[in-house]
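# Geometric and topological summary
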Amino acid sequence: MAASLQDIQRRIASTKKTRQITSAMQMVSTAKLSQIQRHGGSYTTYANALHDVVAHLANAHINNVSGTLLEQRDVKKVGFLVISSDRGLVGGYNSTLLKGMMAVIEERQLTPDQVVILAVGGNASDFFKKRGFNVAYEYRGVSDVPTFNEVREIVKTVTTMYDNEVFDELTVAYQHFVSRIQNDLRLEKMLPVTTDDMEPTEEGGLKADYEMDPSPEQILGVVLPQYAESLVYGAILDAKTAEHAASANAMSSATDNAKEVINTLELQFNRARQSAITTEITEITGGMAALD
Amino acid sequence: MNEHSLHVKVVTPNGVVFDYETATLVVLSTTGGEVGVMANHAPIISALKVSEVKIVDEANGVEERLAVSGGFAEFSSNVLTVVSDAAERAADIDVTRAESAKERAERRLAEESSVRDVERAQVALLRAVNRIHVATGK
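Residues numbered from 1 in each chain as written. Chains lettered and ligands numbered in written order. Predicted model: local features only at pLDDT ≥ 70, side-chain atom pairs only at ≥ 80, totals over all residues. Heavy atoms only, no water.

## Looking at the sheet that holds strand E8 (residues 72-76) of chain B
Taken in spatial order, the six strands of this open sheet run E6(A)-E5(B)-E8(B)-E9(B)-E1(B)-E2(B), and their pairing is mixed. Bordering the open sheet on either side are strand E6 (211-213) of chain A together with strand E2 (15-23) of chain B, each of which pairs with just one other strand. The average undirected angle you get between the axes of adjacent strands in this sheet is 10 degrees. Pairing between E8 of chain B and strand E9 (residues 79-83) of chain B: five bridges, direction antiparallel. Of the residues in E9 of chain B, the one forming a bridge with Ala-73 of chain B is Val-82 of chain B. Contacts between helix H5 (residues 216-291) of chain A and the sheet are confined to E6 of chain A together with strand E5 (44-47), E8 and E9 of chain B, with E5 of chain B contributing the most and set at about 70 degrees to the helix. (Pairing = 2+ DSSP bridges. Helix = DSSP H or I, 4+ residues; strand = E, 2+ residues; numbered from the N terminus. Axes fitted to C-alpha atoms, helices over the stretch in contact; angles between N-to-C directions. Contact = heavy atoms within 4.5 Å.)

Structure (structure tokens):
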């Protein structure tokens, strides 16, 4: 019998409070998750419309036009846009992402000076700075349901840096939302834009024979940056969705753990109480026996 | 939808902001100049300027104007899809906010020296002016 009755009682009270907080946080995350999922639905319409046009242009063999985002350059520097979260309490969300990133860098045998990191979220930024990587851009404080306007700054910076040849290839690393209980690490090469394996979306894509106004090349000049921006925005949305799911999960298991801890503590408390009563009774009967 | 009307959809990352099934005429400002699209137009893809999109429904006397910030329009089988990263209906535009955005952009234009910032401020100015124009007709 280690802890005193009062100690156990105090621990029970504090664990109960923790449980209350974690279960509240779980509910908040779940609410945010359904909010962002609704938003993601309306974004999909936009992404599909863009995708169809790009796929159509690609099928018309308007390919590898120099000076556009389709142009393949010699890769001297590899850019990674890493989308992490700002805060913790999201389970393995960040650590899986960062571990995966390090594995990729190692696998491709890139030295820190060949890598340009663009970090969204404080976790990634701190992580790579500590390891001596070149963090060319960082953005903190993406809101819970990011609008396109809000992330426009990130998206524009990324494409401008690419245009200015800060890096010659961009891979976006983020956690893809699979379901409420599963996230997958995803690494997608987004720049230069590749159209080789582009399939039309489910709605069947575009089939008509289009007039291009002013010219196909100029249309590409407008559509491709917009397409690249929408890809990056899509990745950020997806990552945020995954973050809310991860957070809801982490908090629900924290709540479950707290319940278990409380159960054990209550058992301990009852045992301690009983043994205290037994001692008291023994003392009283002992005292009576002494009087007789 | 009858044979003299077309379906107009304006799509942005925040969803479909405008969906109208019985338009008779849509006026677009493309990078090559103004284009009017009516029903049964040949399939076309064209790049848009930061400009106004006017949708007219003569049969019902409806006229709607939207401010779009670039993007492109795609027309086929009587459906016109405008895909832009931002679009607002004239009635939804907050003119005071647009005015302050305009002032901010002008101030930045006067102060900034680097080419990139100037370009950015010019785009912002263009957007603000366009929104004010669509909302107030000025």
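That shown, we press on.
## Considerations on the sheet that holds strand E7 (residues 62-69) of chain B
Residue and element names in this part refer to chain B. Read across the sheet, five strands follow the order E4-E3-E6-E7-E10 without closing on themselves; strand pairing throughout is antiparallel. Each edge of the sheet is formed by a strand with only one pairing partner; in this case those strands are strand E4 (33-38) and strand E10 (87-89). Taken over all neighbouring pairs, the strand axes of this sheet differ in orientation by 20 degrees on average, direction set aside. Pairing of strand E3 (residues 25-30) with strand E6 (residues 50-57), which is carried by three bridges, proceeds in the antiparallel orientation.

## Section: the pattern of salt bridges
Residue and element names in this part refer to chain A. Per the counting criterion, the structure on display carries 14 salt bridges over all chains. Between Lys-156 and Glu-229 there is a salt bridge, with its nearest N and O atoms 3.2 Å apart. Within this pair, whereas Lys-156 is found in helix H4 (residues 148-163), its partner Glu-229 is found in helix H5, the two being separated by 73 residues in sequence. Relative accessible area serves as the criterion here: at 7%, Glu-229 is assigned to the buried category. (Salt bridge = Lys/Arg side-chain N within 4 Å of Asp/Glu carboxyl O. Buried < 20%, exposed > 50% of the residue type's maximum accessible area, 1.4 Å probe, protein only.)

## Brief notes about the nonpolar core
Leu-81, Ile-83, Ile-154, Phe-167, Leu-170 and Val-172 of chain A are the most contacted members of the largest nonpolar core, which totals 59 residues. The leading source of residues in this core is H5 of chain A, at 15 residues. Dropping the residues within four chain positions of it, Leu-170 of chain A is found in contact with Gly-79, Phe-80, Leu-81, Leu-118, Val-158, Glu-188, Lys-189, Met-190 and Leu-191 of chain A. Of all hydrophobic cores here, the second largest spans 21 residues; its members include Tyr-20, Ala-23, Ile-44 and Val-53 of chain B. (Core = buried A, V, L, I, M, F, W, Y, C linked by side-chain atoms within 4.5 Å.)

Just geometry here; none of it tells us what the structure is for.
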